[in-house]
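Below, each chain spelled out in residue letters.
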Amino acid sequence: MNALIIEDEQLAADRLIAMIEKSGQQINILDQFDTVRDTVDYLQNKQEEVDILFCDIQLADGLSFSIFEKINVKTPVVFTTAYDEYSLKAFKVNSIDYLLKPVQQDELNDALDKYQSLYSDRSNSIDFSKLKELFEHKKQYKERFLVKSGSKYYNKPVAEITYFSSDNKIVYLHDGESSKKYMTDYTLDELMKNHLDDKRFFRINRQFIVHINAITLMKPYTNQRLILQLSSGQVDELIVSREKVANFKEWFK
């Protein structure tokens, strides 16, 4: 059996490969990729050589579902992800399996056994469009954040957040109701990747993520950038970087 690893976290990929080797099945790892682009390039030329894909959802350049939109993939897939169990159950409709990170050896073994019994002859196909639809509707975003100020903890609903900011590697949640900021346990990357609805939040530059309802005014700025004015009045200037302006305008519509 020839396998392809599609994973943007090297530690997770190394762990998965080690577990595959311990599974007791004869599996040859053909290659490993961390982007949609490289995976598509490979499968366009060598898909017939691949018997099974081990595929994360979030890759370095976007969601792995883009792979299946760009090319017709007939190879069975075992998805691996950090998403919660509620979303995980939805994907069991059509995929071989959907394994929650950190992947457990017995779960991987079960997935490989399932492949052998159902897909080894490639007689079955997978409806990736249905998987994508399920993913988009079942992905769970945070509706509130537990934050700390001094020795006290507060429960802040997402609707009250105006923006997140990063300062010296500490990320703060800014509350529009109280005009205060609170430390969080996340990076900006983690917030956008796993916890915030990208229809409501946009990362405008390296330091800020803004809530759409907090924006009251935008105006041109130097070097083809934009300045945003927020309803809370907590910042004098909040600038959309030049490379993000086009996507920001489309998002804001």
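In what follows, the structure referred to is the one given above.
Parameters at a glance
- Residues numbered from 1 in each chain as written.
- Predicted model: local features only at pLDDT ≥ 70, side-chain atom pairs only at ≥ 80, totals over all residues.
- Heavy atoms only, no water.
- Pairing = 2+ DSSP bridges.
- Helix = DSSP H or I, 4+ residues; strand = E, 2+ residues; numbered from the N terminus.
- Axes fitted to C-alpha atoms, helices over the stretch in contact; angles between N-to-C directions.
- Phe/Tyr/Trp six-rings, centres within 6.5 Å; stacked < 30°, edge-to-face > 60°.
- Buried < 20%, exposed > 50% of the residue type's maximum accessible area, 1.4 Å probe, protein only.
- Contact = heavy atoms within 4.5 Å.
- Core = buried A, V, L, I, M, F, W, Y, C linked by side-chain atoms within 4.5 Å.

**Some words on the sheet that holds strand E17 (residues 238–240)**
Strand pairing in a sheet is mediated by backbone hydrogen bonds. Such pairs are either parallel or antiparallel.
Step number 1: Reading across the sheet, the three strands line up as E15-E16-E17 and stay open at both edges, with antiparallel pairing between neighbours. The sheet terminates laterally at strand E15 (215–221) and E17, the two strands that pair on one side only. Averaged over all pairs of adjacent strands, the angle between strand axes in this sheet comes to 30°, irrespective of strand direction.
Step number 2: Bridge count between E15 and strand E16 (residues 225–230): six bridges; the pairing is antiparallel. If you follow Met218 over to E16, its bridge partner there is Leu228.

**Section: the packing of aromatic side chains**
Step number 1: Evaluation of the coordinates by the stated rule reveals 14 aromatic pairs.
Step number 2: Geometrically, the ring pair formed by Phe65 and Phe79 is tilted, given 5.8 Å between the ring centres and 35° between the ring planes. Here the residue Phe65 occupies a position in helix H3 (residues 65–70), and Phe79 occupies one in strand E6 (residues 77–81), the gap between them amounting to 14 residues. You'll find Phe65 and Phe79 in the same group, each marked buried.
Step number 3: Measuring from ring centre to ring centre gives 6.0 Å for Phe164 and Phe201, while their planes differ by 55°; the resulting arrangement is tilted. Of this pair, Phe164 sits in strand E10 (residues 161–167) while Phe201 sits in strand E13 (residues 201–203), placing them 37 residues apart in sequence.

**Here we look at the environment of Ile17**
Step number 1: Its location among the elements puts Ile17 in helix H1 (residues 10–22).
Step number 2: Under the relative-accessibility criterion, Ile17 is labelled buried at 18%.
Step number 3: Other than its neighbours up to four places away in sequence, Ile17 contacts Ile5 and Gln32.

**Focus: the nonpolar core**
Step number 1: Core analysis: the largest hydrophobic core is formed by 20 residues, its most contacted members being Leu4, Leu43, Leu53, Ile67, Phe68, Val73 and Phe79.
Step number 2: Put simply, the parts of the chain that give this core at least two residues each are strand E1 (2–6), helix H2 (36–46), strand E3 (52–56), H3 and E6.
Step number 3: Per-element accounting of this core gives the leading share, four residues, to H2.
Step number 4: Counting residues in hydrophobic clusters, the runner-up holds 18 residues, among them Ile5, Ile52, Val103 and Ala111.

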